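Spelled out from the first residue to the last, the chains are:
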Amino acid sequence: MTDLKFNSDEMMTIAASRVLENDDVCFVGIGAPSAACNVARLTHSPDITLIYESGTIGTEPNVLPLSIGDGELCDTALTTVSVPEMFRYWLQGGRVTVGFLSAAQLDKFGNINTTVVGDYDHPKVRLPGGGGAPEIASSCQEIFITMKQSKRSFVDKIDFYTSFGHGEGGDHRQRLGITTKGPTLLITDLAIWKPNHESKEFTVVSLHPNVTREQVQNSVGWQVSFADNLETTPEPTTNELNVLRELNERTRIAHTNK
Amino acid sequence: MTDLKFNSDEMMTIAASRVLENDDVCFVGIGAPSAACNVARLTHSPDITLIYESGTIGTEPNVLPLSIGDGELCDTALTTVSVPEMFRYWLQGGRVTVGFLSAAQLDKFGNINTTVVGDYDHPKVRLPGGGGAPEIASSCQEIFITMKQSKRSFVDKIDFYTSFGHGEGGDHRQRLGITTKGPTLLITDLAIWKPNHESKEFTVVSLHPNVTREQVQNSVGWQVSFADNLETTPEPTTNELNVLRELNERTRIAHTNK
Amino acid sequence: MTIFTNLSKAVSENLNDNDTVAFEGFTHLIPHAAAHEAIRQQFKNLTLIRMTPDVVYDQMIGMGMAKKLVFSYAGNPGVGLLRRMRDAVENNWPHSIEIEEHSHAAMANAYEAGASGLPCAVFRGYLGAGLPAVNPKIKSITCPFTGEKLAAVPAHKPDVSFIHAQKADKKGNVLLEGIIGVQKEAVLAAKRAVVTVEEVVDSLDTHSNACILPHWTISAIAIVPGGAHPSYAHGYYDRDNSAYLEWDKIAADRDLFTSWMKENVLDAKPEDFAARITHLRNI
Amino acid sequence: MTIFTNLSKAVSENLNDNDTVAFEGFTHLIPHAAAHEAIRQQFKNLTLIRMTPDVVYDQMIGMGMAKKLVFSYAGNPGVGLLRRMRDAVENNWPHSIEIEEHSHAAMANAYEAGASGLPCAVFRGYLGAGLPAVNPKIKSITCPFTGEKLAAVPAHKPDVSFIHAQKADKKGNVLLEGIIGVQKEAVLAAKRAVVTVEEVVDSLDTHSNACILPHWTISAIAIVPGGAHPSYAHGYYDRDNSAYLEWDKIAADRDLFTSWMKENVLDAKPEDFAARITHLRNI
């Protein structure tokens, strides 16, 4: 609890940071996941292992990287390996407990699209593509997703399966021979979602402070399910907010000085 | 030419050293090949790249290693890579011009046995096995073999195909889909042998000084072919002998001091 | 040693129209100077391979040099999309390009397989993903021991790979350190390899297990201080983040792009890179 | 950190009868102390994996602990044959052992595949060689792009791997340097991993691309100075070549072997290793 005001971006990052644990080995996507992972490291999980796909293992950046391969990540890492080794030994080898992803489009089963809007061969918008995500989604022990809600990105049907979440739900992952858990948490600017045990549809389990069910529904392109025992996400603490803001400020200064 | 006396071991090592070139990248077996490769480096080919399967690339040992992984090899190497990388990128990747091998048993087609004497399942003598040799024999651009002649080791039929030379001769390599040249030179304590262009049978092309055809035939378990234009191997030069003897002396001191 | 040459010759003697070429670098050590030289020499019909095509490939695509792009993540790192690439894919400007799209795991494994002299890479990948349906180069192979179906992609075997590295010794042995990406693999997978370096030193004087490319794996080395700008060279200078942000604006407009390329690439020289990193030096 | 323990516990808590186990080291950094502790604890029915089984595996085989040996080169490096292993294979003393024999390339690839979480390794190997006819674990796989037949072997997945390394930091991150062999792969391929180190330091303080195993890849670390003897630890002490020569004589005779093992292994302690390398120190 805090007397400081906070915005929904801050709430999202802090809520996402809380779901990580000290002994997690986390494969970090750039952007919102990176902020959340580093806030976790700077608050309750000082020994968390952060891995970026550029090959940096156990990195402890003082400022958030702008790219996945900033020098800061290497300077503060335990070790830096080649990219083939990163994908073979560390990701495919099953060493990563949590893959932390974001998305351009997400559906209710945690399937992710960062490839195209529209048809693949004649796209309306050609997005960057999957990068590491297709194998992050299948090789990490579980997947957390963090992104802001909007009708444009929370869609009933994604245009392309960049990364497989729970597919069409149920035991679809197992039927494809995927042995990892897939998306187990979704942290947005409005709420925390978990997949329904049976259907695997993402269900709102906790609303952030002062957020209504309507706000959640109005920013999502499908009929939202809410948990029976819907909780309220604890507000950011003063410490969480200070850590996040100082991190952002250090980052701003570092990246504009040059 | 030299006034120094030399023995047949020295003649073998020096003759073997002469067949290497300054721009060769040589995968070095321990023992006789190692001595020959280092004499080449210390005489006519100062820039030759020597690779040992322990991962040392471009090594320049001051004394001969006792094992394939002596610290001296790493201390003087350009770089030392992991063993999987050695076998994947450097050997299988086709980067090695010459593989220099020895053998327990050799036949006239350059096939090598270092696995067993007798039956595989009930061996008379269990030898160490192939180590790197099976893939050295197929991945290096060509193979040089150096070993002392004896009826026990130069046999009509080897007990086990540890490494494939020219198989049953002719185009047997190509028929198996092997694209490299295989054994192109055999340097012994008595002679220099090359495979016949057609049959691929090893043929004596040069006798070492004072060696007779009879000596060669009497130490080999098959009917030996001699080239029409049989040459005499030039005697070791004073420099070659001095370099080899100094190397052996440094090696003796280094390995007995401890 | 004849391996050392100037960038113009290094590029003209090793790159040809219709080549399959990789200019590799994973955010760090991106060979911008070499790519700009290739742009100045106006090569055509190139198949461009890269895990993370970013500004330089946006530039080459915008200049009409690319027939095909083989990639896994086409973005301006930390900024957004590649606007010249989008214009080619969405609007065929300046002409259409073919796309062969993979995941990072597939691309990294394909380089690794190329360096290993193998015809294909085998890995656990693409499970449930959409790319196998749109990329015929993604096939599968069955483990003969467990029956598991694994992904297979062809090995990358570029005609030529370009990389930037921190330094070479006088024999031409090259040291890369920091985020080393797939550059060693890209060099070893290629028929020819060109390296630009920050400097040449008497001895590399580094750790016994450092990432070193022996001189006999390299076709040509050109000394180009600052040659990675606006990417960075660890231990020499920092990433020019503002240049990446600026590129987003330049690439948004065809005319602005064309005039920027004329001024900063076509009418520029390799020696210009040194001045671009003066304010970013960190040693 | 709980990861640090004594060698006796490290071995007893991580090794079991019937386990598949690798004590790895490629001439350098061979985990002799850990192997001797395993001998003292009298494990049975082990499947021993190693590229280069040498003196320690000769000892374990001679002590009757091995059910099976998976290997590619079974020699006393620089000296000759392994006489205890020969006695087991040729004369079934103290009992017969199974043999699964590979090439170095196959073994290295099998560890690499194990570390990579794959069920099998794929490489170009065994062309024309005799081993595929006597080892049913060697199969083939066909490249779906070129039709080339490649060799396939099962990935190594030891229950536990033991290695020796130069040092750990206080969190338990481990540094290996010099000839690093297949140890990183052996650790990452295994369910459990035990490391003996020369010393623990505040900071590893090394090159950014050095071979480091993070603490969370390791089950237990025991500090055993000299723990590689008669193998060596680069930067600490040299190889004891005379001990390898001596072994050839000891292993030649069953009684001499048995009494030597009692005196030097069964009745010895991990702490004894430190004194064995005093005369070999090179720092």
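Everything below is about the structure printed above this text.
Just so you know, the residues in each chain are numbered from 1, in the order the chain's sequence is written. Chain labels run from A onward and ligand labels from 1 onward, assigned in the order the entries are written. It should be noted that, the model being predicted, local features are given only for residues of pLDDT at least 70 and side-chain atom pairs only at 80 or more, the latter also being counted only at that level, while totals for whole chains, interfaces and linings use all residues. Side-chain measures were taken over the full set of non-hydrogen atoms in the model, leaving aside hydrogen atoms and water.

Draft legend 1. Highlighting the overall build of chain A. The way it works is that DSSP assigns letters per residue, a run of H or I at least four long becomes a helix, a run of E at least two long becomes a strand, and they are numbered from the N terminus. When its secondary structure is counted, chain A shows eight helices and 14 strands. Relative to the compact-globule value of 18 Å for 258 residues, chain A shows a C-alpha radius of gyration of 18 Å, a close match. For chain A, the spread of C-alpha atoms along the principal axes amounts to about 45 × 45 × 35 Å. When burial is assessed residue by residue, chain A has 62% of its 258 residues classed as buried. By sequence separation, contacts in chain A at least 24 residues apart represent 65% of the contacts at least 6 residues apart. In the form shown here, chain A has an accessible surface area of approximately 9700 Å², with 47% of it arising from carbon and sulfur atoms. Throughout, the radius of gyration refers to the C-alpha atoms, and the reference size of a globule is 2.2 Å times the residue count to the power 0.38. Accessibility here uses a 1.4 Å probe with only protein chains present; expressed as a share of the type maximum, an area under 20% marks a residue as buried, one over 50% as exposed, and anything in between as partly exposed. Contact definition: two residues touch when any of their heavy atoms are within 4.5 Å. Exposure was quantified through the Shrake-Rupley algorithm and a 1.4 Å probe, taking into account, for residues, occlusion by the shown protein chains and nothing else.

Draft legend 2. Main features of the overall build of chain C. Of the regular secondary structure elements, chain C holds 10 helices and 14 strands. Over its C-alpha trace chain C gives a radius of gyration of 19 Å, about what one expects of a compact globule, namely 19 Å for 283 residues. Seen along its three principal axes, the alpha-carbon backbone of chain C occupies a region of about 55 × 50 × 30 Å. Counting over 283 residues, chain C shows a buried share of 66%. Of the contacts formed within chain C by residues at least 6 apart in sequence, a portion of 75% connects residues at least 24 apart. Accessible surface computed for chain C: about 8900 Å², of which carbon and sulfur atoms make up 48%. The centroid of the 27 positive side-chain charges in chain C is displaced by 4 Å from the centroid of its 32 negative side-chain charges. When charges are counted, Lys and Arg are positive and Asp and Glu negative, with His and the chain ends excluded. A charged residue contributes its charge at one atom only: NZ of Lys, CZ of Arg, CG of Asp or CD of Glu.

Draft legend 3. Focus on the side chain of Lys184(D). Inspection of the secondary structure puts Lys184(D) in helix α7 (residues 183–189). Relative accessible area serves as the criterion here: at 8%, Lys184(D) is assigned to the buried category. What Lys184(D) contacts, discounting residues up to four positions off in sequence, is Val81(A), Glu85(A), Trp90(A), Cys211(D), Ile212(D) and Leu213(D).

Draft legend 4. Representation of unusual backbone geometry within the structure. A cis amide bond, omega 0°, links Trp93(C) with the succeeding residue Pro94(C). For Pro94(C), the location among the structural elements is in the loop between α4 (83–91) and β6 (98–101). At Asn210(A), a position not held by glycine, the phi torsion is positive, near 70°.

Draft legend 5. Broad picture of the packing of helix α4 (residues 83–92) of chain B against helix α5 (residues 104–115) of chain D. Throughout, an axis means a line fitted to C-alpha atoms (over the contacting stretch in the case of helices), and angles, computed between N-to-C directions, take values from 0 to 180 degrees. Following both chains from N to C, one finds α4(B) and α5(D) inclined at 115°, their axes separated by 9 Å at the closest point. Judged by the inter-axis angle, α4(B) sits roughly perpendicular to α5(D). Regarding α4(B) and α5(D), the two cross each other, and that crossing is left-handed. Two secondary-structure elements touch here, α4(B) through Val83(B), Pro84(B), Phe87(B) and Arg88(B) and α5(D) through His104(D), Ala105(D), Ala108(D), Asn109(D) and Glu112(D). By the definition adopted for this analysis, an angle is roughly parallel if under 35 degrees, roughly antiparallel if over 145, roughly perpendicular if from 65 to 115, and oblique otherwise. By definition, any crossing whose near helix is turned counterclockwise from its far helix by less than a right angle is left-handed, and any crossing with a clockwise turn is right-handed.

Draft legend 6. Region of the structure containing the side chain of Arg239(C). Assignment of secondary structure puts Arg239(C) in the loop between β14 (220–223) and α8 (241–250). The term salt bridge refers to a pairing of a side-chain nitrogen on Lys or Arg with a carboxyl oxygen on Asp or Glu at a separation within 4 Å. We note that Arg239(C) is buried and unpaired, the nearest opposite charge coming from Asp70(A) at a distance of 4.4 Å. Whenever two N or O atoms come within 3.5 Å, that pair is a polar contact, provided that in protein one can donate a hydrogen and the other can accept it, and provided that, for residues adjacent in sequence, both atoms are side-chain atoms. Separated by 3.5 Å, the side chain of Arg239(C) and the backbone oxygen of Pro77(C) make a polar contact.

Draft legend 7. Spatial organisation of the pattern of salt bridges. Enumeration over the complete set of coordinates arrives at 50 salt bridges over all chains. Linking Arg50(C) and Glu24(C) is a salt bridge whose minimum nitrogen-to-oxygen distance equals 3.9 Å. Of the two residues, Arg50(C) is situated in strand β2 (residues 46–50) and Glu24(C) in the loop between β1 (20–23) and α2 (32–40); the sequence distance between them amounts to 26 residues. In this structure, Arg50(C) and Glu24(C) share a single accessibility class: buried. Between Arg254(D) and Asp87(D) there is a salt bridge whose closest N-O contact spans 2.6 Å.

Draft legend 8. Spotlight on the interface of chain D and chain B. Each partner contributes to the interface: chain D provides 47 residues, whereas chain B provides 42 residues. The buried area of a pairing is the accessible area, by a 1.4 Å probe, that goes missing from both parts when the two are put together, added over both. Roughly 3700 Å² is buried in total at the junction of chain D and chain B, and carbon and sulfur atoms are behind 62% of that figure. Of all residues in chain D, Leu127(D), Ile179(D) and Asn241(D) bury the most surface against chain B, accounting for 15% of the area lost on that side. Where chain D meets chain B, there are one salt bridge. Our count for the contact surface shared by chain D and chain B stands at 17 residue pairs in polar contact (both at pLDDT 80 or more). The dominant element in the side of chain D that touches chain B, judged by the number of residues it contributes, is α5(D), at five residues.

Draft legend 9. Representation of the packing of aromatic side chains. Residues and elements named next belong to chain D. Any Phe, Tyr or Trp ring, taking Trp's six-membered ring, that has another such ring centre within 6.5 Å forms a pair; planes under 30 degrees apart are called stacked, those over 60 apart edge-to-face, and the others tilted. Scanning the model with the defined rule gives 26 aromatic pairs over all chains in all. Taken together, a centroid distance of 4.6 Å and an interplanar angle of 5° make the contact between phenylalanine 23 and phenylalanine 162 stacked. Taken as a pair, phenylalanine 23 in strand β1 (residues 20–23) and phenylalanine 162 in strand β10 (residues 160–169) lie far apart in primary sequence, 139 residues in all. Under the relative-accessibility criterion, phenylalanine 23 is labelled buried at 0%. What makes phenylalanine 162 buried here is its relative accessible area of 0%.

Draft legend 10. Here's a closer look at the interface of chain B and chain C. Taken together, the 18 residues of chain B in the interface contact 20 residues of chain C. Buried surface at the junction of chain B and chain C, summed over both partners, amounts to about 1600 Å²; 52% is from carbon and sulfur atoms. Summed over the shared surface of chain B and chain C, the result is three salt bridges. A salt bridge links Glu85(B) to Lys184(C), with the nearest nitrogen and oxygen atoms 2.6 Å apart. The interface formed by chain B and chain C contains nine residue pairs in polar contact (both at pLDDT 80 or more). Secondary structure elements with two or more residues in the side of chain B that touches chain C: β2 (49–52), β4 (79–80) and α4 of chain B. For the side of chain B that touches chain C, the element with the highest residue contribution is α4(B), accounting for five residues.

Draft legend 11. Highlighting helix α8 (residues 238–256) of chain A. The span you would expect from a helix comes to 1.5 Å times its residue count less one. Its 19 residues place the ends of α8(A) 27 Å apart at the C-alpha level, agreeing with the 27 Å of an ideal helix rising 1.5 Å per residue. What α8(A) keeps buried is the set Glu240(A), Leu241(A), Val243(A), Leu244(A), Leu247(A), Thr251(A) and His255(A). Down the axis, α8(A) shows its buried residues gathered within 165° of arc, on one side only. On its buried face, α8(A) sits against α1 (8–18) and α2 (32–42) of chain A together with α8 of chain C. Working definition: the arc comes from the directions between the helix axis and the C-beta atoms, pointing outward to the latter.

Draft legend 12. Focus on the packing of α1(A) against α8(A). All names here are of chain A. Viewed as axis vectors pointing N to C, α1 and α8 meet at an angle of 110°, and their least axial separation amounts to 10 Å. By the criterion of interaxial angle, the relationship of α1 to α8 is roughly perpendicular. Residue-level inspection shows Glu10, Thr13, Ile14 and Arg18 of α1 in contact with α8, the latter providing Glu240, Leu241, Leu244 and Arg245. When grouped by side-chain class, the residues that make up the contact of α1 with α8 number three nonpolar, one polar and four charged. For this classification, the nonpolar set comprises Ala, Val, Leu, Ile, Met, Phe, Trp, Tyr, Cys and Pro, the charged set comprises Asp, Glu, Lys and Arg, and every other residue, Gly included, is treated as polar.

Draft legend 13. A look at the sheet that holds strand β9 (residues 149–154) of chain C. Residue and element names in this part refer to chain C. One open sheet holds the three strands; their spatial order is β7-β9-β8, and the pairing between them is antiparallel. In this open sheet, the two strands that pair with only one neighbour each are β7 (120–123) and β8 (139–142). The sheet shows a mean angle of 40° between the axes of neighbouring strands, direction not considered. Here, strands pair whenever DSSP counts at least two bridges between them. Sheet topology note: the β7/β9 ladder contains four bridges and is antiparallel. Considered in β9, the bridge of cysteine 120 is made with proline 154.

Draft legend 14. Representation of the pairing of strand β9 (residues 123–126) of chain A in the model. Residues and elements named next belong to chain A. Pairing geometry for strand β8 (residues 116–118) and β9, over three bridges, is antiparallel. Residue valine 117 lies in a different strand from β9, and its bridge partner there is valine 125. Counted between consecutive antiparallel strands, the loop separating β8 from β9 contains four residues.

Draft legend 15. Quick peek at the pairing of strand β13 (residues 202–207) of chain B. All names here are of chain B. With five of six residues buried, β13 is to be regarded as a mostly interior element. Direction of pairing for strand β12 (residues 191–195) relative to β13: antiparallel, over a ladder of five bridges. Looking across to β13, one finds that tryptophan 193 is bridged to valine 204. The hairpin turn running from β12 into β13, its antiparallel successor, is six residues long, and lysine 200 in that turn takes a positive phi close to 70°.

Nothing here speaks to function; it is geometry throughout.
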